[in-house]
Amino acid sequence: MLEIGQMAPDFILKNEKGEDVRLSQFRGKKVVLYFYPKDNTPGCTKEACSLRDSHNEIIESNAIVLGVSPDEGEKHSVFISKFALPFTLLCDTEHKVMELYDAWGEKNMYGKKSIGVLRKTYVIDEKGAIKKIFKKVNVLNHGKEVLEALK
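This structure is a prediction, so every number in the text was calculated from the model and none was measured.

Novice: What am I meant to see in the sheet that holds strand β1 (residues 12-15) here?
Specialist: The pairing of strands in a sheet comes from backbone hydrogen bonds and takes either a parallel or an antiparallel form. In space, the seven strands of this open sheet follow the order β2-β1-β5-β4-β3-β8-β9, with mixed pairing throughout. The sheet is open, and its two borders are formed by β2 (20-22) and β9 (130-134), each paired with just one other strand. The average angle at which neighbouring strand axes cross in this sheet is 30°, direction not considered. Across the sheet, helix α5 (residues 142-150) lies against β3 (30-35), β4 (63-69), β8 (120-124) and β9, angled at about 155° from β9, the strand it touches most.

So this is what it looks like as structure tokens:
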């Protein structure tokens, strides 16, 4: 289990363009690292749009946003275009980074248990340490919640 104050584990994942993105390449900036289940689904779209709507203020806070889901690059590209998302989406098709960040596990939806993505967000400081963990995400107001955590 990752905790506030720990260094965020480094990783490399492909973005929507098929390029390698390494978490540590963003040292010197804050990182909003959010894990979500699937592109173009109702809750995930609301969450992404909430972060999009707060994006200018997030940038002003010396932060960048990285979204991570099991979707592949083509799906990410369509999602980005459809909703004018101004941030990078990463492909974790094998769930390795999600497991590293405690964002993969048992879910209980309407009484049915399954294994999948646990919606979670980490705010990482300029030095790479975890500053805030959102274990429960309000998809409609997540952008505002993240802005508060970046202060």
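Next comes the rest of the account.
Novice: Explain the nonpolar core here, please?
Specialist: Nonpolar side chains tend to gather and get buried jointly when the protein is soluble and globular. Ranked by size, the top nonpolar core spans 24 residues in total, and within it Tyr34, Ile58, Leu85, Phe87, Leu89 and Leu150 carry the most contacts. Broken down by secondary-structure element, the contributors of at least two residues to this core are β3, α1 (42-53), β4, α3 (73-83) and α5. Every residue in contact with Leu89, bar those within four places of it in the chain, is listed here: Lys14, Asn15, Glu16, Tyr34, Tyr36, Asp39, Gly67, His76, Phe79 and Ile80. Counting residues in each nonpolar core, the second largest holds 23 residues, with Phe11, Leu13, Met98 and Ile124 among its members.

Novice: Is there a simple way to explain the pairing of strand β7 (residues 112-117) in this structure?
Specialist: Regular strands have side chains that alternate between both faces of the sheet. Summarising the sheet, strand β6 (residues 104-109) and β7 pair through six bridges and their orientation is antiparallel. If you follow Met109 over to β7, its bridge partner there is Lys112. Between β6 and β7, which pair antiparallel and follow one another directly, the connecting turn spans two residues, one of which, Tyr110, has a positive phi of 55°.

Novice: How do you make sense of the environment of Asp10 when you look at a structure like this?
Specialist: Among the structural elements, Asp10 can be located in the segment before β1. Exposure remark for Asp10: the relative accessible area of 34% places this residue in the partly exposed category. Taking the C-alpha atoms as reference, Asp10 lies 10 Å from Val21; in sequence the two are 11 residues apart. If sequence neighbours within four positions are ignored, Asp10 has contacts with Arg22, Leu23, Ser24 and Leu100. Within the structure, Asp10 has its side chain in polar contact with the backbone nitrogen of Leu23 (distance 3.4 Å).

Novice: Quick question: what am I supposed to make of the packing of aromatic side chains here?
Specialist: Each pair of aromatic rings is reported with the distance of its centres and the angle of its planes. A complete count under the given rule lists eight aromatic pairs for this structure. Arranged with centres 5.6 Å apart and planes meeting at 70°, the rings of Phe79 and Phe83 form a pair that is edge-to-face. Of the two residues, Phe79 and Phe83 both sit in helix α3, four residues apart, roughly one turn of that helix. Accessibility assignment for this pair places Phe79 and Phe83 in one class, buried. Here Tyr101 and Tyr122 contribute two aromatic rings whose centre-to-centre distance is 5.1 Å and whose plane-to-plane angle is 80°, an arrangement assigned as edge-to-face. Of this pair, Tyr101 sits in the loop between α4 (96-100) and β6 while Tyr122 sits in strand β8, placing them 21 residues apart in sequence. There is no split in this pair, since Tyr101 and Tyr122 are both buried. An aromatic cluster of at least three residues, connected via ring pairs, comprises Tyr34, Tyr36, Phe79, Phe83 and Phe87. We note Lys132 situated over the ring of Phe134; from NZ or CZ to the ring centre the distance is 5.1 Å.

Analysis parameters
- Residues numbered from 1 in each chain as written.
- Predicted model: local features only at pLDDT ≥ 70, side-chain atom pairs only at ≥ 80, totals over all residues.
- Heavy atoms only, no water.
- Pairing = 2+ DSSP bridges.
- Helix = DSSP H or I, 4+ residues; strand = E, 2+ residues; numbered from the N terminus.
- Axes fitted to C-alpha atoms, helices over the stretch in contact; angles between N-to-C directions.
- Contact = heavy atoms within 4.5 Å.
- Core = buried A, V, L, I, M, F, W, Y, C linked by side-chain atoms within 4.5 Å.
- Buried < 20%, exposed > 50% of the residue type's maximum accessible area, 1.4 Å probe, protein only.
- Polar contact = N/O pair within 3.5 Å; in protein donor to acceptor, adjacent residues only side chain to side chain.
- Phe/Tyr/Trp six-rings, centres within 6.5 Å; stacked < 30°, edge-to-face > 60°.
- Lys NZ or Arg CZ within 6 Å of the ring centre and 35° of its normal.

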